[in-house]
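Coordinate inspection notes
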Amino acid sequence: MLLPIEPEQIIDLPFVENLCWEMLVEGATNRKSAMHQAVISTAKDNHAYMRTVVLRRVDAGSKKIYLHTDNRSKKMEDIHRNEHLSWLVYDQTLRSQIRLSGHAIVHHLDDLCTEQWAKTGHHSRRYYMTDQPPSTTLDQPSTGLNEALTAFDYSMEESESGFQHFVVVETCIDWMEWYYTHSKGNRRARFTYNNGSLSSATWLMP
């Protein structure tokens, strides 16, 4: 668990960059972290669309972050068309907002997708087993789950039918911004990356 930092601890840009990636890793690995849930934004026809997703994995070394979703979802149409994702995470306790953006790569039925599907629990797999895709128009309120899925009355072997709809979306980060709020004054920094390597770092006016 990460502890809040104080202004006097903010000594230089390398410290801040490392801190940001530590917070992101914590968000991906700790379900109780405020950064475990993130907001992503896609673009379509000159409009931005935002959704809340779970931050599933962070590779701080290669500057990549990941989410899982249904290949039939509307967000996938946007991603296939634009091949770009923006992210936002925020933790009030850590007084930190992190914005990131980068090129999106879709993993479907490949090795990474297979690996992550194997780690997806029995309860979570049911959402990929529905007959109707996300955003289907309904006549009345419904979970979209049939009786067996609602009761978790299916085996792990039967849940494999959902794999065809499961995708992992990888974002190769191009830039990251950190915004820190404190009564003694806010701080802001920006980092840009080229093929996973830091190419620039600068302080910004908050």
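Preceding this section is the structure that the text describes.
Below, the structure is looked at part by part. Predicted model, so just to flag it, every value in this text is computed and none were measured. (Residues numbered from 1 in each chain as written. Predicted model: local features only at pLDDT ≥ 70, side-chain atom pairs only at ≥ 80, totals over all residues. Heavy atoms only, no water.)

1. Some remarks on the side chain of threonine 171
Put simply, the rule is: Secondary structure elements are taken from DSSP: a helix is a run of H or I of four residues or more, a strand is a run of E of two residues or more, and numbering for both begins at the N terminus. A simple rule labels every residue: compare its accessible area, found with a 1.4 Å probe on the protein chains alone, to the largest value its type can have, and call it buried under 20%, exposed over 50%, or partly exposed in between. As used in this structure description, the phrase polar contact means that two N or O atoms lie within 3.5 Å; if the pair is within protein, one of them must be able to donate a hydrogen and the other to accept it, and residues adjacent in sequence are counted only when both atoms belong to side chains. Between two residues, a contact is recorded if the distance between any of their heavy atoms is within 4.5 Å.
You can see threonine 171 is positioned in strand S7 (residues 166-180). Classification of threonine 171 as buried rests on a relative accessible area of 0%. Polar side-chain contacts of threonine 171 include one of 3.0 Å to the side chain of tryptophan 87. The residues touching threonine 171, leaving out its near neighbours within four places in the chain, are Lys63, Lys64, Ile65, Leu85, Trp87, Gly102, His103 and Ala104.

2. Examining the environment of valine 106
Considering the arrangement of structural elements, one finds valine 106 in strand S6 (residues 96-107). Taking C-alpha positions, valine 106 is 18 Å from proline 134, a pair spaced 28 residues apart along the chain. Apart from residues no more than four positions distant in its own chain, valine 106 is found in contact with Met76, Ile79, His80, Val167 and Val168.

3. Some remarks on the pairing of strand S4 (residues 64-70)
For a regular strand, side chains alternate in direction, first toward one face of the sheet and then toward the other. Convention followed: Each pair of strands is called paired provided DSSP finds at least two bridges between the two strands.
Here S4 lies mainly inside the structure; six of its seven residues are buried. Both strand S3 (residues 57-59) and S4 contribute to a ladder of three bridges, which runs antiparallel. Across the sheet, the residue bridging to valine 58 is isoleucine 65, located in S4. Between S3 and S4, which follow one another and run antiparallel, lie four residues, and lysine 63 among them has a positive phi close to 60°. Here seven bridges tie S4 to S7, and the two strands are oriented antiparallel to one another. When the sheet's bridge partners are listed, lysine 64 is paired in S7 with cysteine 172.

4. Let's talk about the pattern of salt bridges
What counts here: By definition here, a salt bridge exists when the distance from a side-chain nitrogen of Lys or Arg to a carboxyl oxygen of Asp or Glu is within 4 Å.
By the definition in use, this model includes 14 salt bridges. The partner of arginine 57 in a salt bridge is glutamate 115, with the nearest N and O atoms 4.0 Å apart. Taken as a pair, arginine 57 in strand S3 and glutamate 115 in helix H3 (residues 111-118) lie far apart in primary sequence, 58 residues in all. Note on glutamate 115: relative accessible area 37%, which makes it partly exposed. Between arginine 99 and glutamate 177 there is a salt bridge, and its shortest N-O distance comes to 3.0 Å. Taken as a pair, arginine 99 in strand S6 and glutamate 177 in strand S7 lie far apart in primary sequence, 78 residues in all. For arginine 99, a relative accessible area of 33% translates into the label partly exposed. Each of Arg99, Glu177, Arg188 and Arg190 takes part in a single network of salt bridges with overlapping partners.

5. Digging into unusual backbone geometry
You will see that lysine 63, though not glycine, has its phi angle at about 60°, which is positive. Examined against the element boundaries, lysine 63 turns out to sit in the loop between S3 and S4. Phi angles above zero are rare outside glycine, and arginine 95 is one such case at about 55°. Note that arginine 95 resides in the loop between strand S5 (84-91) and S6.

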